[in-house]
Amino acid sequence: MKKAQMVIESSAREGGTDPIFRIAGAAEKRTKEYGADAVINSTIGALMDDNGDLVTFNAVYDTLKGLPNHLIANYSGLSGQPDFLEKVIEACFKSCKPEGYIRSVATPGGTGAVRHAFYNYTEFGDTILLTDWYWAPYKTIAHECRREVTTFPMYNEKGTFNIEGFKKSVLELLDQQKRVLAVLNTPAHNPTGYTISDDEWKEIVAFVAKTANDQPDSKIILLVDLAYIDFAGEGEDARNFMTLLSGLPHNVLTLYAFSASKSYTMYGLRNGAIICVAPTQDIADEFVNTCTFSNRGNWSNGTRGAMETITKIFSTEELYHQAMAEQSFYKSILKARAKAFVEEANAIDLKLVTYCDGFFISIPCKDPKAVSTLLMEKNMFIVALGKGLRFAPCAVSEEKCRRSPALILQAIKEI
Ligand code: PLP
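About the thresholds
Residues numbered from 1 in each chain as written. Predicted model: local features only at pLDDT ≥ 70, side-chain atom pairs only at ≥ 80, totals over all residues. Heavy atoms only, no water. Domains from an automatic or database assignment. Contact = heavy atoms within 4.5 Å. Buried area = accessible area lost by both parts, 1.4 Å probe. Salt bridge = Lys/Arg side-chain N within 4 Å of Asp/Glu carboxyl O. Near = heavy atom within 4 Å. Polar contact = N/O pair within 3.5 Å; in protein donor to acceptor, adjacent residues only side chain to side chain. Areas by Shrake-Rupley, 256 points an atom, 1.4 Å probe, with all protein chains shown as cover. Helix = DSSP H or I, 4+ residues; strand = E, 2+ residues; numbered from the N terminus. Nonpolar A, V, L, I, M, F, W, Y, C, P; charged D, E, K, R; others polar. Pairing = 2+ DSSP bridges. Axes fitted to C-alpha atoms, helices over the stretch in contact; angles between N-to-C directions.

### Quick word on the domain arrangement of the chain
The domains assigned to the chain are domain 1 (9-55 + 324-414) and domain 2 (59-317). Computed over C-alpha atoms only, the centres of domain 1 and domain 2 are separated by 26 Å. Across the contact, 30 residues belong to domain 1 and 28 residues belong to domain 2. Of the roughly 2400 Å² buried at the junction of domain 1 and domain 2 (both faces included), carbon and sulfur atoms supply 55%. Three residues stand out in domain 1 for area buried against domain 2, namely Gln327, Lys331 and Lys387, and they jointly supply 23% of the buried area on that side. The interface formed by domain 1 and domain 2 includes two salt bridges. With a closest N to O distance of 3.9 Å, Lys335 and Glu234 form a salt bridge.

Written as structure tokens, this is what we have:
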């Protein structure tokens, strides 16, 4: 921990520690020097076309730019614009709406939703449960909120979801805290691309319901982070699990962190929502009041033009179909790139953790930082995580995806 000068001790932070932004800067510099063809830049967490340009949906940007200025410029309501709050529930669940008291509060991206969940559904100093492969900002958000994180091994020996590890950690935390908030980033987990299957969800739900009934004074909060859902599965089947999370006991709350960043290419527009499926009306009302208060106390309100855009897309059949067509076009490009990478990795025996869908694929290895540094010398930029490397098919052409496993394997062998 860095020593504080003027900030309070617990706010003293190291600068430039974000591993992704640091290496992304180096990749950009190399691309300028040698040209895009010579460089494999797998550091970016956004969907890029084969020329390395950010993909943006016309349905989204034609709508946004067609809004009257005052609908872009104005404040939104503190909890979000009322019609957006309805439409975002549709965007989240589509045809798989669970039973329960469902309410939403707009947040600046999924990050805002994660923040509100951590801050309002755990005590100061509590420990939040994550999988051992996890999106690094969860820890940042937890520390910013003066919470801790703990992890359980995400995979079992079969390479599927380690339900036994999840159960053990939930029970331990309940023993210590009487409340547990567990983050499940699925489908298309960042950084592995793993999707918890419907059968695995059934087991999770049965365990959570039984534990909640056995310990009626405890509280269990499941935070489902679905930032990548629209790039997972076929049609709407990645949403099937949502209906399983219905009719849970009074002391279980399901929260969804909805993000428009990837699904609607709205990254910098900061649009998202926290959505609850509550067992009672009172718990749902409490959720809205608390998260609205948190909005006011942090960023006041969200981006009005972004909310209006989503509302318009979900209220206009033609626009909606256009947005979905663009989404599914890029989803199939992403699938083809990931398939090329996985096929080639399997062919040369490069070990991956189980990948199902989404923007990222992870390669477990020793000393990921050294491997990533060595790869930089070969003009390949890949993010080093604690447990391995994160490759980003979202940002790399199919041809480069096919070439990458051999480079990675060679670097791992050289270290
Ligand atoms: N959750 C995960 C796992 C992510 O990877 C991201 C973005 O990278 C988010 C949530 C939230 O993104 P945003 O705040 O841009 O909606």
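What follows picks up the thread again.
### Concerning the site of the ligand
Surveying the vicinity of the ligand reveals 14 residues, the closest of which are Thr111, Asp225, Tyr228, Ser259 and Ser261. Asp225 places a polar side-chain atom, nitrogen or oxygen, 2.5 Å from a nitrogen atom of the ligand. One of the side-chain nitrogen or oxygen atoms of Lys262 is found 2.7 Å away from an oxygen atom of the ligand. Surface burial for the ligand is 91%, taken as the share of its 390 Å² of free accessible area covered by protein chains. Going through the elements one at a time, helix 5 (109-121) and helix 10 (260-263) are the ones with two or more residues in the shell around the ligand. Residue contributions to the shell around the ligand peak at three residues, all from helix 5. Here the residues of the shell around the ligand sort into four nonpolar, seven polar and three charged.

### Quick look at the sheet that holds strand 9 (residues 361-364)
The mixed open sheet is built from four strands, whose spatial order is 1-10-11-9. With one partner strand each, in any of the chains shown, strand 1 (40-42) and strand 9 form the two edges of the open sheet. Across the sheet, the mean angle separating the axes of adjacent strands is 30° when strand polarity is ignored. As paired strands, strand 10 (residues 380-384) and strand 11 (residues 388-391) are joined by two bridges and run antiparallel to one another. By the bridge assignment, Val383 is partnered in strand 11 with Arg390. Relative to strand 10, helix 14 (residues 368-377) is tilted by about 165°, and along the sheet it contacts strand 10 and strand 11.

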